[in-house]
Amino acid sequence: MSIESLKQQARKHEQKEDWKKALDHYNKALVELARDEQVDIRLYNRVGDLHVQAGQLNQAVEHYEKAVELYREAYLPNNAIAVCKKVIRNVPGRHKAYLQIGKIRAEQGFLSDARGNFLTYAERMVVDGDLDESFRALIEFCDLAPNDVEFRVTVADQMAANGREQEAIEQLGVAHRHLTQVGESGQAQELETKILALDPEAAIGELP
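Before going into details, it helps to say that this report is about the structure given with it. (Residues numbered from 1 in each chain as written. Predicted model: local features only at pLDDT ≥ 70, side-chain atom pairs only at ≥ 80, totals over all residues. Heavy atoms only, no water.)

## Topic: the packing of aromatic side chains
Phase 1: Throughout the structure, instances matching the rule amount to two aromatic pairs.
Phase 2: Judged by centre distance (5.5 Å) and plane angle (45 degrees), the rings of F118 and F141 are tilted. A residue pair is termed long-range when its members are at least 10 positions apart, and F118 in helix 7 (residues 111-127) and F141 in helix 8 (residues 131-144) qualify at 23 residues.
Phase 3: A residue is classified by how much of its surface remains accessible, and F118, at 0% relative accessible area, is buried.
Phase 4: Take F141: its relative accessible area is 1%, and that puts it in the buried class.
Phase 5: Where F141 meets F151, the ring centres are 5.1 Å apart and the plane angle is 80 degrees; that geometry is what we call edge-to-face. Of this pair, F141 sits in helix 8 while F151 sits in helix 9 (residues 149-161), placing them 10 residues apart in sequence.
Phase 6: Overall, the relative accessible area of 10% leaves F151 in the buried class. (Phe/Tyr/Trp six-rings, centres within 6.5 Å; stacked < 30°, edge-to-face > 60°. Helix = DSSP H or I, 4+ residues; strand = E, 2+ residues; numbered from the N terminus. Buried < 20%, exposed > 50% of the residue type's maximum accessible area, 1.4 Å probe, protein only.)

Next comes the structure, spelled out in structure tokens:
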């Protein structure tokens, strides 16, 4: 059966709300497309929708995330964000969607929006008990927005408050180097004070 015939049969089963048979035909179409080295992004999106209808949320996320990946590769960021929002709406425990939106917004240059999504993801990781991943994501945003020294310093302060003094010093060192490079000697001096308060023996010029 041709790919178009498989899609047509799937749509007929959709009209009858027979999600299982519709998915069977759509998945066969995806297999045939892959065999022919073709891509139908909208089909991954649609299959995700049907998995939601069938209550198969893990499979829905799998297809939605594939659609997001393909939309990003096709330079269609707004489409990718729309699919991420479907994940948030239908599978609220899948926090990775916030991280994906944050990365896309950063690529678009909308750093304020990106920061909000990275923060939401980081906060949810804390709730889930994964502080390592929370700080990893925050540092990722810091590296995407190197001019946002205030944010990096805030992250460093949070690290220090959680007993991660060495990590805090590393982030303060990055901020200090940036401020020095742009001629903000006063602010750089303030960070030196912060660093030395955490480690009186820190060699400022040798920090990462």
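## Regarding the packing of helix 9 against helix 10 (residues 165-181)
In a packed pair of helices, the relevant descriptors are the angle between the two axes and the axis-to-axis distance.
Phase 1: Running from N to C, helix 9 and helix 10 cross one another at 165 degrees; their axes reach a closest spacing of 8 Å. In this view, helix 9 runs roughly antiparallel relative to helix 10, as classed from their interaxial angle. The handedness of the crossing between helix 9 and helix 10 comes out as left-handed. Mapping the contact onto sequence places V149, R152, V153, A156, M159 and A160 in helix 9 and E165, E167, A168, Q171, L172, V174, A175, H178 and L179 in helix 10.
Phase 2: Its residues placed into classes, the contact of helix 9 with helix 10 shows 10 nonpolar, two polar and three charged. (Axes fitted to C-alpha atoms, helices over the stretch in contact; angles between N-to-C directions. Parallel < 35°, antiparallel > 145°, perpendicular 65-115°, else oblique. Left-handed = near helix turned anticlockwise from the far one by under 90°. Contact = heavy atoms within 4.5 Å. Nonpolar A, V, L, I, M, F, W, Y, C, P; charged D, E, K, R; others polar.)

## A closer look at the environment of R105
Phase 1: Tracing the backbone through its elements, the reader meets R105 in helix 6 (residues 96-108).
Phase 2: According to the relative accessible area criterion, R105 is buried, its value standing at 18%.
Phase 3: In this structure the C-alpha to C-alpha distance between R105 and N78, which are 27 residues apart in sequence, comes to 9.2 Å.
Phase 4: Beyond its immediate sequence surroundings of up to four residues, R105 is in contact with N78, I81, F110, D113 and A114.
Phase 5: There is a polar contact of 2.9 Å between the side chain of R105 and the side chain of Q108. (Polar contact = N/O pair within 3.5 Å; in protein donor to acceptor, adjacent residues only side chain to side chain.)

## Here we look at helix 10
Along an α-helix, a turn takes 3.6 residues, which lines up residues three or four apart on a common side.
Phase 1: Counted at 1.5 Å a residue, the expected span for helix 10 with its 17 residues is 24 Å, and the 24 Å between its end C-alpha atoms agrees.
Phase 2: Listed in full, the buried residues belonging to helix 10 are A168, I169, Q171, L172, G173, A175, H176, H178 and L179.
Phase 3: Elements that come into contact with the buried residues of helix 10 comprise helix 8, helix 9 and helix 11 (185-198).
Phase 4: Looking one or two residues beyond helix 10, the residue adopting positive phi is G183, at roughly 80 degrees. (Expected span 1.5 Å × (residues − 1).)

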